Amino acid sequence: MLGYYLHIPFCDKKCTYCDFYSIESKGLVERFVDSLLREIQQRAASNEQSVSSIFFGGGTPSLLTPEQLSTILDSVRSTVVLAADCEITMECNPGTVTPENLIGYRAAGVNRLSFGVQSFVEEELRFLTRIHSADEADDAMRLARAAGFTNVNMDLMFALPPQTMETLAYNIDRMLALQPNHISAYSLVYEPGTPLHAQKVKGAVQPHPEELDADMYTMVIDRLTSAGYEQYEVSNFARPGHRCRHNLTYWHGEDYLAVGPSAHGLVGGTRYWNHRSLTAWTQKVDAGELPHANTETLGAAERLTELAFLTLRADGMPIQQFAEEFGIDLYTALQPDLGYWMDEGMIVEQNGKLRLTARGYQVCDPITLKVEELLGR
Ligand code: SF4
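Residues numbered from 1 in each chain as written. Predicted model: local features only at pLDDT ≥ 70, side-chain atom pairs only at ≥ 80, totals over all residues.

A.B. asks: Describe the overall build of the protein chain, listing the residues and the values that go with them.
C.D. replies: Across its full length, the protein chain carries 16 helices and 15 strands. Over its C-alpha trace the protein chain gives a radius of gyration of 21 Å, about what one expects of a compact globule, namely 21 Å for 377 residues. Expressed along its principal axes, the backbone C-alpha trace of the protein chain runs to roughly 55 × 50 × 45 Å. Summarising the internal contacts of the protein chain: among those between residues at least 6 apart in sequence, 72% fall at separations of at least 24. (Helix = DSSP H or I, 4+ residues; strand = E, 2+ residues; numbered from the N terminus. Rg over C-alpha atoms; globule rule 2.2 N^0.38 Å. Contact = placed C-beta atoms within 7 Å.)

As structure tokens, then:
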């Protein structure tokens, strides 16, 4: 499988917690699209596998017009072979969608939407400085279904300072009532360099104690799995048949192309980072050069650690792949801890993979650290 990521670096308004690269200069979108088309052409034929997933992330890709999106997709199609059932996802801000745009995105080939809902409580949305209201999130889902989207993700955030166990339960119930096919649930992170982090440092914002954060995570897992969602990664839950193929490409350590400012790609064991500045990225692309800020070729030890980290936190470490690629028998290499984790019901073997259970996901960080240590011996 080969993934294809496109970073659209514009937002209506920058949220205080966000450390993704995006700017508020929407007047530059048209010019950006021209340069993006150039980078897409530069990356033509750099990989011969067919593309099984395309992901428009950002930023706010739903600031693109359907015509711009269609032109970009046509350009991608002209440079790589798309699998017949290619998953094409677009991140959408519920505050920016219109019926016409959703119909246009669907006609252009987008077949999966991801809405950054986060919360249905106005006070929590204000805390996050989101531009949308709870009602707009409801509307966005209704409009998406009316436009023909049968595969929709919603993002949910927990451990927000104004949030209680009661408001989190309310948020989950409201989200479940909309019947998204997939839910990504993240604990709020205070990323250094963001305004929210600065507020925390000044004492203007008090994060929840760790125990409450953990209780909230437990509630998320319990409620979503009880509602028929399968947890297939620390933060991701899917209805049967609706795992995000694009995310799985990352978590299985497979190749993905990436275009746009700040985008990260991985091709043939070499990782690259594009410039995290629209100006620097545009200058390079327009000069006919790949806009890399840096590249790194992974050695065997790094690839081993990375694959263990990614697969353990997702749908499990593939036993045969570790044996064939690294000559490692996981059952031997991870003793004695593996025996304990299995006895305690934190890890099980399923479909040839050693994977975390719901209980295991809740202690994922210490298990991951230990696995890395044991494999690095
Ligand atoms: S809308 Fe999304 S990408 Fe834009 S600033 Fe907010 S969280 Fe970040």
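A.B. asks: So what about the domain arrangement of the protein chain? Which residues, and what values?
C.D. replies: Quite often, the size of an interface is put as the accessible area lost when its parts meet. According to the domain assignment, the protein chain contains domain 1 (2-250) and domain 2 (300-375). The C-alpha-based centres of domain 1 and domain 2 are spaced at 28 Å. Across the contact, 10 residues belong to domain 1 and 8 residues belong to domain 2. For the side of domain 1 that touches domain 2, the secondary structure elements donating two or more residues are α8 (210-226) and β7 (230-233). Residue contributions to the side of domain 1 that touches domain 2 peak at 5 residues, all from α8. Class assignment for the residues of the side of domain 1 that touches domain 2 results in 6 nonpolar, 3 polar and 1 charged. (Domains from an automatic or database assignment. Nonpolar A, V, L, I, M, F, W, Y, C, P; charged D, E, K, R; others polar.)

A.B. asks: So what about the pairing of strand β3 (residues 82-92)? Which residues, and what values?
C.D. replies: As paired elements, strand β2 (residues 51-58) and β3 share 5 bridges and run parallel to each other. Bridge pairing links F55 to T89 in β3. In the classification by handedness, the crossover that spans β2, the intervening helix α2 (residues 66-79) and the parallel β3 is right-handed. Where β3 lies against strand β4 (residues 112-118), 4 bridges are found, and the strand directions are parallel. Residue T89 lies in a different strand from β4, and its bridge partner there is R112. (Pairing = 2+ DSSP bridges. Right-handed = clockwise from strand over helix to strand, strands pointing away.)

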